Amino acid sequence: MAKKKKKEDVFSQFDTNNIDTQDIDVSSEIVDLPKVVTPPSPASTSVDNNGGNQVEIPSEIGVLALRNAVVFPGTVIPLAVGRPRSQRLLDATLPSGQVIGVLTQKDPNTDDPQQKDLYPIGVVVSVLKMLKMPDGQNSLVVHGLVRFRVVEWLGVDPYLRARIEVIPTETKPSREMDALVNNVRQMAQQMIELAPNIPEEVNVVLSNIEDPGALADFLGANINISVSEKQELLETIHVKDRLQKLSLALANQIELLELSDKIQNKVNKSIDKTQREYYLQEQLKAIQAELGQSDQRTSELEELREMIENAEMPEEVEAEAMRELDRLSKIPIMSPEFSVLRSYIEWLCELPWATSTKDKLNMASAKRILNEDHYNLVKIKQRILEFLAVRKLNPTGRSPILCFAGPPGVGKTSLGKSIAKSMGRKFSRISLGGIRDEADIRGHRRTYIGALPGRIIQELRKCKSNNPVFMLDEIDKIGQDFRGDPASALLEVLDPEQNHTFTDHFIDQPFDLSKVMFIATANYLGAIPHALRDRMEILELPGYTSSEKLAIAKKYLLTRQLEENGLTASMLKIKDDALEKVIESYTREAGVRELDRQIASLCRAIAAEIASNKRKSATISSGSVSKYLGPAKYESELAMRTSVPGVATGLAYTPVGGEVLFIESTITPGNGRLILTGQLGDVMKESAQAALSVLKSHCENGKPKSTSVKGKIVSALMGNKALKEHDIHIHVPAGAVPKDGPSAGLAIYTSLASLFSDQPVNAKVAMTGEITLRGLALPIGGVKEKVLAAKRAGIQTVILPERNKKDLHDIPKQAQRGLKFVFVRNVDQVLKIALES
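What counts and how
Residues numbered from 1 in each chain as written. Predicted model: local features only at pLDDT ≥ 70, side-chain atom pairs only at ≥ 80, totals over all residues. Heavy atoms only, no water. Helix = DSSP H or I, 4+ residues; strand = E, 2+ residues; numbered from the N terminus. Buried < 20%, exposed > 50% of the residue type's maximum accessible area, 1.4 Å probe, protein only. Contact = heavy atoms within 4.5 Å. Areas by Shrake-Rupley, 256 points an atom, 1.4 Å probe, with all protein chains shown as cover. Salt bridge = Lys/Arg side-chain N within 4 Å of Asp/Glu carboxyl O. Expected span 1.5 Å × (residues − 1). Patch = residues over 30% accessible without salt bridge, like charges linked within 9 Å, V, L, I, M, F, W, Y side chains within 5 Å. Lys, Arg positive; Asp, Glu negative; His and termini not counted. Charge placed at Lys NZ, Arg CZ, Asp CG, Glu CD. Axes fitted to C-alpha atoms, helices over the stretch in contact; angles between N-to-C directions. Parallel < 35°, antiparallel > 145°, perpendicular 65-115°, else oblique. Nonpolar A, V, L, I, M, F, W, Y, C, P; charged D, E, K, R; others polar.

Participant: Could you give an account of the overall build of the protein, naming the residues involved and the relevant values?
Facilitator: Helix and strand counts for the protein stand at 27 helices and 26 strands. By the burial criterion, 48% of the 837 residues in the protein qualify as buried. The contacts in the protein between residues at least 6 apart in sequence include a share of 72% that link residues at least 24 apart. Total accessible area on the protein stands at roughly 41,400 Å², and carbon and sulfur atoms take up 50% of it.

Below is the structure:
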């Protein structure tokens, strides 16, 4: 008898965990297949048993139902019997030595099988041994004799009985049969080689089986296939067909075993490597212990513990760090989580929980530093000095959260560096332009591969101080997409009531940001969400006047460019009239960046001449500027633009400063449409419609004197230029630039009034203001930037709404010099000033 095998072996183990077949390892051995002899009478059939004796097989026998097992002729297997009906069958047949029939259930879950629940073909078996178990069940060892088919069922009580007919098997020798037998035998041997726990005796058993049918039944009983597939083999009477089906089953088993063997080899290699490394690590520990040395892992853990103790963390954070360190000590050093956890502890230890720089509270020194680095900016410098004064009186006070708003090139970022320098704090700049991921502010959670803290925590680690000056640059250019809204994440950072418990996703512990001085910069406040803007103190940095630019160029820009280009003050002198010409004719900006570039061009040109020994020094005057910079880039177009009726000069505010805006209008034959071009926004379009409606309302007031402006407008509207028969076209040049806002209302109205009255607008007059349908002039914003733009463009008279009179206080005296300000309440007052007589 073959030895017992594990479940992964090729030989199957019958699942006998039900009433008739309990969980017993099933082993089988080959027994010479008895040769069926011709029955002497219709009532019975005789066959040879294993010992060569004839066994009578009656035509009517008791039937034992099996589940999860199929018995084949010539095999010996154990069975467990426990159901009452099966017990009665054994009690009735075993004492007389009768054989019984075994049939397999179609559904193993049926506890009381009937005739329809059993397969029609089974095997007649003789009981070789029976053991009574302590639990009342019987354990049988049966020997399969011959196949049979149920002819008729005789009853179910007290046990299943049936009339049967024996199914004889005959094998006709042929070359094809020999080839099938040889193929099946080779495949079985290959399968035995792949299976890890098959004893060598099995090969001996296979080689001694000569009968093809016996070989097929032996392999069918022992191969690891399903019960239904085994039943199909049992019901295959022709040996040739049985061998062919067996070949397919063996091929599938070989493929599974080869794949299983391949996987097992990989697993064994991995386990062997891990065991080898563990063994070597243990050996290394033992050697280091003998030498009085500590291993790398222990030294790292001790180093981290010392870092935690020296980091001066809050109690809650230190407790969390120690807990994570304890987890780290239990994780294998080769585990990916080891490096993640170690990195987290290092980040906790390297943050400046209690490290601060001492503020310099000398206000005279701070004022001197601010004046050395920046010209003018009185309001901002005063605000910083106020903060230092408050900090001197109340050292525990919160740091302010400021926002510098102004066009590019006015010195917002460099001002932040000067503030940090004057206060003795460390400076860090974070560029927010274009970021779209909330994790840039709050960091990633540690569940992600390659997770890191956000920019706030990263910069604090670099500064090694918990009270630096943080410059949040370009806060108005933050993006937003499916990954989150960084502007919303900044709400906690910039809120003094919340930022003392700022929690980064990676650190996952509160960090106090209340000592940090946040300074944001923006070109355009309209792009900043209202909730975020509400958390900041807005300080506006408007553009510089020409006199201010001249002072900045002489004091800062020229000195820096001389040094960068390797020149000295004795090598190059630029006269004031030359700088003024560069400012007026080669730059047109609110800041000084382009002015800095033009001065750099002058310095490079002189440096090239000196380096080539053409001269030793140079002095540049206004007449020689064009030699180095080329023809003038900017010139006044006011007289040319407003020399015809229908053109008015407006003033606009943009993110890069104030601009002069020309409003052009004309009238053409049509059907009364209002055509608006120049990339105008919805608000500006509504202003144009309101201006036209105010003009139309003049027609309802009767016909005034023909000599007045309004009289000419009414005459035009009621005369040849009747609106029902003409289209009005309003255009704002620079069509590639989007334009919007209500402040162009006065200029649009003046342009239309000039068109209908046929009187040109004064070229030296510019205006800004919103209008209503009643003709009132409403206040607008950006007055300082607009006035500076008018000053740069050569305007002499600026018309403003009366309620903007208070804004003149913010305009420098140098900018007001040479300008006449006229404040109006309604549109009628505008026409008296703007239209030429």
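Participant: For the pattern of salt bridges, give the residues involved together with the corresponding values.
Facilitator: On inspection of all chains with the given rule, the structure shows 38 salt bridges. Notably, a salt bridge pairs arginine 391 with aspartate 359, separated by 3.2 Å at the nearest N-O pair. With arginine 391 in helix α11 (residues 378–393) and aspartate 359 in the loop between α9 (336–350) and α10 (363–373), the pair connects residues that are 32 residues apart, well separated along the chain. With respect to burial, arginine 391 and aspartate 359 carry one shared label: buried. Shared partners join several salt bridges into a network, and the residues in it are Glu320, Arg323, Glu324, Arg327 and Glu337.

Participant: If you had to explain unusual backbone geometry to someone new, which residues and values would you point to?
Facilitator: Between aspartate 157 and the following residue, proline 158, the backbone shows a cis peptide bond with an omega angle of 0°. For proline 158, the position within the fold is in the loop between β7 (138–155) and β8 (161–166). We note that lysine 464 has phi near 55°; this positive angle belongs to a residue other than glycine. With respect to the helices, strands and loops of the structure, lysine 464 is situated in the loop between α14 (455–463) and β11 (469–473). Taking relative accessible area as the criterion, lysine 464 reaches 57% and is therefore assigned exposed. We note that asparagine 613 has phi near 60°; this positive angle belongs to a residue other than glycine. Summarising the element assignment, asparagine 613 is placed in the loop between α19 (593–611) and β17 (618–620). For asparagine 613, a relative accessible area of 71% puts it in the exposed group.

Participant: Mind laying out α11, listing which residues take part and the relevant values?
Facilitator: Owing to its 3.6 residues per turn, the α-helix aligns residues three or four sequence positions apart on the same side. For α11, which comprises 16 residues, the first-to-last C-alpha distance of 23 Å matches the rise-based estimate of 22 Å (1.5 Å per residue) to within 8%. The set of residues buried in α11 consists of Ile380, Lys381, Arg383, Ile384, Leu385, Phe387, Leu388 and Arg391. Looking at the buried side of α11, the elements it contacts are α10, β9 (401–405), α12 (412–423), β14 (517–522) and β15 (537–540).

Participant: Can you break down a negative patch on the surface residue by residue, with the values?
Facilitator: On the surface, a cluster of negative charge is contributed by Glu302, Glu303, Glu306 and Glu309. Relative to the elements of secondary structure, glutamate 303 occurs in helix α7 (residues 296–310).

Participant: Outline a nonpolar patch on the surface, supporting the account with residue identities and numerical values.
Facilitator: On the surface, Leu259, Ile263, Val267 and Ile271 cluster together into a nonpolar patch covering about 330 Å² of accessible area. For leucine 259, the position within the fold is in helix α6 (residues 239–291).

Participant: Describe the packing of helix α2 (residues 175–194) against helix α3 (residues 201–208), and please don't skip the residues or the numbers.
Facilitator: α3 packs onto α2 with a crossing angle of 175° between their chain directions and a minimal axis gap of 11 Å. The orientation of α2 relative to α3 falls into the category roughly antiparallel. Only Val202, Asn203, Leu206 and Ser207 of α3 make contact with α2, whose side of the interface consists of Arg185, Ala188, Gln189 and Ile192. Residue composition of the contact of α2 with α3, grouped by class: four nonpolar, three polar and one charged.

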